[in-house]
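The primary structure of each chain is shown beneath.
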Amino acid sequence: MSQAYLRNLNPAQLQAVKHPPDIPLQILAGPGSGKTRVLTARIAHLIFHHHVAPQAICAVTFTNKAANEMRARLDILVGVHDTACIRMGTFHALCASFLRRHGRMVGLETNFTICDADESKKIVKALLGEHSKDLAAKRISLTEGTLMSMISKAKARGQTADELEANYRRSRASGSRKRSRLPSDVNNEDNSDDEQSQIMQDPNIMAVLIDIYRVYERTLRSSNSLDFDDLLLFGVCLFKRNPAVGEWCQHVLVDEFQDTNTIQYELMRQIAAASRCVTIVGDPDQSIYGWRSAEIKNLINMQRDFLNTQQILLEQNYRSTASILGASMAIVSQDKKRVAKTLRAEHPAGPSPMLQLFLNEHQEAGFIASEIKKLVAATGGMLEWGDFVVLLRFNALSRLIESALQKEGIPNRILGGHKFFERLEVKDLLAYLQLIDNPHFVAAFTRVINVPARGIGEKTVNEILGAAQRLKLSPLEVVMRIHDGALPDIKPSVKRKLASFVPPVRELQTFARKDTLPSDLIRHLLESIKYDEHLRKTQKDWDSRWENVQELINFASEVEKNMENTKAAEPDEQPWDGDWDVLEEFDRDQLNDEGFVETSSDAVHKDKGTRKAREQQPEQDTPLRMFLQASMLSTDVASENKDDGKGKVTLTTCHAAKGLEWPVVFVPAVEKGTFPSHRAEDVDEERRLLYVACTRAQALLYLTHANSRMCAGEAKKKDMSEFVSAVLQNDKSYFSREAPNLSAGDRTLIAQLLGRNAPDEAEVVRRMAQYNSSTQAWNASYGFPNYSVAQPRLAGSSDSAPPSVRPPPVNPSLTAGPASAAMSQSAAPSQSSPAPSASDGPQSSTVKSTGVKRRLGMGRTGGGYPNKKFKTPGNTSGTSNESTPCFADVR
DNA sequence: AAGATGAACATTTTT
DNA sequence: TGTTCATCTT
Ligand SMILES: Nc1ncnc2c1ncn2[C@@H]1O[C@H](COP(=O)(O)OP(=O)(O)OP(=O)(O)O)[C@@H](O)[C@H]1O
């Protein structure tokens, strides 16, 4: 029984799993080679064979989602109970939980609030405002975004504001040789790097940066809050100062190691300080987070820091067809600096990856939608909606494709787009709860004090904040005292207005102290501030926002359930339980004389917070706190919601697709300026990104691009991505220009690859007939360009046909139904690209329309609730596309 | 203080 | 394309 986890591993994988635990191990391997599978099996092996206690294992994943998936796999291998005991999560999540318990050792209250990127930006923006005159005078434009990312980069290197300043001083002193650059060589590739360093050399900018960095840190500290980088920094500090905190850990395993940054690596070192037992898994070719300070160097650093580190390579790819793998390798191999590596395909060639060109992004989106439909039919239903993914360079590209899918009635979900926890209605409610848990979290206070509208505007808020600083109280406390009459009212009279704020907050505090479940807290909150009315009054789309509110309650319930389960699974065997008291005493002494990090020199607030928190919240893991933490750390409710994902086409970014796989992958906009992004700093990284995207595909891969595309306002001509054209130059055979007509052989191959049953051929014929008739009826009745039956319109074909389609009029050239093939053929092949096949082969062109119009009503029904935000036309904005499925105008 | 309007403007990627 | 900011009016 216990050996089950060793089955289904090849010799190299087995070797990695059985590698002696005390010899540091690097498993380096390409995509689809089973790295994650090996990591999971190795954990099982540690538990079963080496009898390592599950709670002595620390497994680090890149995302929460990956952690959940690994948990699910381990549930099967080692059982739910043991799995629940493993310390598993992202570096951030792990740090958050360590700091909840031991935060005091590094000067933190256990009720610290995690400040998300949005709030961080707001803080920086406010600070930037103070410098705006100064900057404007010097004609410098700086956005809070760039500033924030500079700060974040400094933090990811472990640089404090002081250190940054010292560093800068030193580098200036040592005679900086400034190269003057002509504006004309902006198109040089390494230009952006220079640009970066040029910014970092501008004394004005550096002065502002350092100042804002410093004040930003002070703001966070006095708010008793940590931003994402702080979680790691304080985590490192915790282990460094109190090595005993890490003694429980006997083995650390890190997935996606190529994307760890300096601090994360430092953290890994600290956690492994006692045991020196480390296993990492990674692939340099898949390093795509350099922009977030990931350091590929960490692989070498590890060899330096952990003596006798050994490497095991996995060279067999089990995920993709050989042709997909070949094309992907051809792409990534363009990187001359890359270390070549072997990757053999386990599976046969299969259909070639497709590379297709369209007139514009609408045609591209339409093609994707209709191709998905076609493939479901052509596989007799063996492929379902959930088997398809569209991988995008950036989120905004999802809009068109989403609506194309909806027009075709294809259910879909957008992963990570406009994130759930970033919606205003969700943030409002969370802010109330954050304020309840941590009255010092000013960001939450300023957000909710006037929600719903209480007539407390900017001016009043500033008065309150000023008073709070003078009195050394939290703004919440100030406002409560004013309400109670314990403090005098302030200039713009506010006392009366607080009647709708203070009592509800007090009530919530009382509930929270009694450990009322978060879901119930939210319900109370909604009622006491009449949030539904507020939404109705202020938001056009209040109903869908109200659904998000309900979804938040659901999420809270999920978290509550998980907490119960976790508690049940690990009664009270917290790994560190034994030495907790000792540690704390030991450290309090230490803390008294030496304080803590430079940035928290703000002793006044700290003391005050300390006393308050000890009186009010002696407990660390209150349900409310756990809920808030889960909210801040999880990007997506969908990843928790199992029911959602299946049965829908997924739209997401290439970045978010890391580590995942789908039978069919579409990558749109494979164009210069998108792949690589025109603002990318590192072109090689962009290429790797495309490589990652391609290697998600198991059976079928489509790269598409358009001749012109609306970008930031105006239509732009687009060329094919150099990553692909470079491949074509060497060898055109990697890609096919025609959409495949799946043969029975293809179906069998796909079935085998996916471990499914091949469909009945009769079913295939039936579905294809149905598919053809429905698309034809649909196209005919809407005068829609007939891209559908794998009929991309070609570049260079006369633009006159589709664009001027106004609602119902039917384009004459399309009424002929299947004959539309002729249209495509008239197209002139464009520059480098041979023409896609004109006709789509037997199924589509020979099966006559049966005249069934079943699809007619499907235009706008879509599937489920899209993440629709913002208003629909309603007002004067030109044509409404609400009622007519055909798009307004394609010019 | 809040709502309404229009102009300017900018779109990577995420824990 | 959609969003954010500035300015205006109530
Ligand atoms: N020995 C094996 N036999 C059969 N299938 C395998 C084997 N090892 C892995 N696989 C399958 O290969 C696919 C890829 O595995 P996995 O996700 O672990 O790869 P990976 O190396 O982590 O990929 P990536 O680098 O893209 O994250 C999975 O579907 C997995 O089930």
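Residues numbered from 1 in each chain as written. Chains lettered and ligands numbered in written order. Predicted model: local features only at pLDDT ≥ 70, side-chain atom pairs only at ≥ 80, totals over all residues. Heavy atoms only, no water.

## Quick word on the domain arrangement of chain A
Looking at chain A, the domain boundaries give domain 1 (4-110 + 239-314), domain 2 (114-172 + 200-223), domain 3 (344-419 + 645-780) and domain 4 (421-566). A separation of 33 Å is found between the C-alpha centroids of domain 1 and domain 2. If you look at the interface, domain 1 gives 6 residues, while domain 2 gives 6 residues. Surface buried jointly by domain 1 and domain 2 totals about 440 Å² across both partners, of which 59% is contributed by carbon and sulfur atoms. Considering only the surface of domain 1 that becomes buried against domain 2, Thr-262, Ile-263 and Ser-293 emerge as the three largest contributors, covering 58% of it. The tally of links between domain 1 and domain 2 comes to 0 salt bridges. The interface formed by domain 1 and domain 2 includes 1 residue pair in polar contact (both at pLDDT 80 or more). (Domains from an automatic or database assignment. Contact = heavy atoms within 4.5 Å. Buried area = accessible area lost by both parts, 1.4 Å probe. Salt bridge = Lys/Arg side-chain N within 4 Å of Asp/Glu carboxyl O. Polar contact = N/O pair within 3.5 Å; in protein donor to acceptor, adjacent residues only side chain to side chain.)

## So, the pattern of salt bridges
Following the criterion strictly, the structure yields 45 salt bridges and no others. For the salt bridge of Lys-297 with Glu-295, the shortest nitrogen-to-oxygen distance reads 3.4 Å. Connected through salt bridges with shared partners, the residues Lys-155, Glu-217, Arg-221, Asp-227 and Asp-230 form a single ionic network.

## Details of the packing of helix α17 (residues 424-437) against helix α27 (residues 623-633)
Between α17 and α27, the shortest axis-to-axis distance is 10 Å and the interhelical angle comes to 135°. By the angle between their directions, the pair α17 and α27 is classed as oblique. Crossing angle aside, the handedness with which α17 passes α27 is left-handed. Between α17 and α27, the contacting residues are Leu-430, Leu-433, Gln-434, Ile-436 and Asp-437 on the first element and Leu-624, Arg-625, Phe-627, Leu-628, Ser-631 and Met-632 on the second. Class assignment for the residues of the contact of α17 with α27 results in 7 nonpolar, 2 polar and 2 charged. (Axes fitted to C-alpha atoms, helices over the stretch in contact; angles between N-to-C directions. Helix = DSSP H or I, 4+ residues; strand = E, 2+ residues; numbered from the N terminus. Parallel < 35°, antiparallel > 145°, perpendicular 65-115°, else oblique. Left-handed = near helix turned anticlockwise from the far one by under 90°. Nonpolar A, V, L, I, M, F, W, Y, C, P; charged D, E, K, R; others polar.)

## Points about the site of the ligand
Around the ligand there are 18 residues in total, and Gln-13, Lys-35, Thr-36, Glu-661 and Arg-696 lie nearest to it. The contact in question runs from an oxygen atom of the ligand to an N or O atom on the backbone of Gly-34, over 3.1 Å. At 3.0 Å, a side-chain N or O of Gln-286 approaches an oxygen atom of the ligand. Surface burial for the ligand is 84%, taken as the share of its 640 Å² of free accessible area covered by protein chains. Here the element with the most residues in the shell around the ligand is helix α2 (residues 35-48); it accounts for 3 residues. A per-class count over the shell around the ligand returns 3 nonpolar, 10 polar and 5 charged. (Near = heavy atom within 4 Å. Areas by Shrake-Rupley, 256 points an atom, 1.4 Å probe, with all protein chains shown as cover.)

## Brief notes about the protein's contact with DNA strand B
Around DNA strand B, the structure places 27 residues, and the nearest of them are Arg-393, Asn-395, Thr-635, Arg-679 and Ala-712. Backbone sugar and phosphate groups make up 58% of those atoms of DNA strand B lying within 4 Å of the protein. Between DNA strand B and Trp-291 there is a distance of 3.2 Å, counted from a base oxygen to a side-chain nitrogen or oxygen. Arg-679 is positioned with one of its backbone polar atoms (N or O) 2.8 Å from a base oxygen of DNA strand B. In the surface near DNA strand B, the residues fall into 10 nonpolar, 13 polar and 4 charged.

## Section: the packing of aromatic side chains
Per the stated rule, a full pass over the model turns up 14 aromatic pairs. Between the aromatic rings of Phe-421 and Phe-555, the centroid separation amounts to 5.0 Å while the plane-to-plane angle is 70°, which identifies the pairing as edge-to-face. One end of the pair, Phe-421, is in the loop between β13 (412-414) and α17; the other, Phe-555, is in helix α24 (residues 542-569), and 134 residues separate them in sequence. The pair formed by Phe-421 and Phe-555 is uniform in burial state, with each residue classed as buried. A ring pair is formed by Phe-666 and Tyr-702, whose centres lie 4.5 Å apart and whose planes are at 15°; its orientation type is stacked. Linking Phe-666 in strand β15 (residues 662-667) with Tyr-702 in strand β16 (residues 697-711), this pair joins segments that are 36 residues apart in sequence. One aromatic cluster is present, built from ring pairs that chain together Phe-358, Phe-367, Phe-666 and Tyr-702. Above the face of the Trp-542 ring, Arg-536 is positioned so that its terminal group lies 4.7 Å from the ring centre. Positioned over the ring face of Phe-62 is Lys-658, at 3.6 Å from the centre of the ring. (Phe/Tyr/Trp six-rings, centres within 6.5 Å; stacked < 30°, edge-to-face > 60°. Buried < 20%, exposed > 50% of the residue type's maximum accessible area, 1.4 Å probe, protein only. Lys NZ or Arg CZ within 6 Å of the ring centre and 35° of its normal.)

## Quick word on the environment of Ile-296
Checked against the element boundaries, Ile-296 lands in the loop between β7 (278-282) and α13 (298-305). Taking the relative accessible area as the measure of exposure, Ile-296 reaches 38% and is therefore partly exposed. C-alpha separation for the pair Ile-296 and Gly-282, spaced 14 residues apart in sequence, amounts to 9.9 Å. Residues contacting Ile-296, with those up to four places away along its chain left out, are Gln-258, Pro-284 and Ser-287.

## Looking at unusual backbone geometry
Going from Val-451 to Pro-452, the amide bond is cis rather than trans, its omega being -5°. Following the sequence through the fold, Pro-452 ends up in the loop between α18 (442-448) and α19 (458-471). Here the residue pair Phe-675 and Pro-676 is connected by a cis peptide bond, since its omega of 5° sits within 30 degrees of zero. Within the secondary structure, Pro-676 sits in the loop between β15 and α29 (683-694). At His-51, a residue that is not glycine, the phi angle is positive and equals roughly 55°. By the secondary structure assignment, His-51 is in the loop between α2 and β2 (57-60). Judged by relative accessible area, His-51 falls into the exposed class, the value being 65%. At Asp-515, a position not held by glycine, the phi torsion is positive, near 60°.

## Topic: helix α30 (residues 722-730)
Those residues of α30 lying buried are Phe-723, Val-724, Val-727 and Leu-728. Taken around the axis of α30, the buried residues stretch over an arc of 130°, which confines them to a single face. Away from the buried face of α30 by more than 90 degrees, exposed residues Gln-729 and Asn-730 are located. Residues of α30 that are buried make contact with α14 (322-332), β11 (354-360), α29 and β16. The N-capping residue of α30, defined by a side-chain oxygen 3.0 Å from the backbone nitrogen of Phe-723, is Ser-721. (Arc of directions from axis to C-beta.)

## Section: the packing of helix α12 (residues 262-271) against α13
Their axes nearest at 11 Å, the elements α12 and α13 cross at an angle of 25°. Here α13 runs roughly parallel to α12, going by the angle between their axes. α12 and α13 meet at a crossing whose hand is right-handed. For the pair α12 and α13, contact is made by Thr-262, Tyr-265, Met-268 and Arg-269 and by Asn-298, Asn-301, Met-302 and Asp-305, respectively.

## Quick notes on the confidence of the model for chain A
Low-confidence regions, as indicated by low pLDDT, have predicted coordinates that should not be scrutinised in detail. When pLDDT is averaged across chain A, the result is 77; 75% of the residues are at 70 or more. Here helix α34 (residues 842-846) is the element of chain A with the lowest mean pLDDT, 28, and β15 is the one with the highest, 97. Low pLDDT, under 50, characterises residues 176-195; the predicted model gives this stretch 13 contacts beyond four residues in sequence or across chains. Under a pLDDT of 50 for its full length, residues 570-618 has, in the predicted model, 73 contacts with residues more than four places off or in other chains. Model confidence for the complex is summarised by a pTM of 0.80, with the ipTM given as 0.92. (pLDDT = per-residue confidence, 0-100.)

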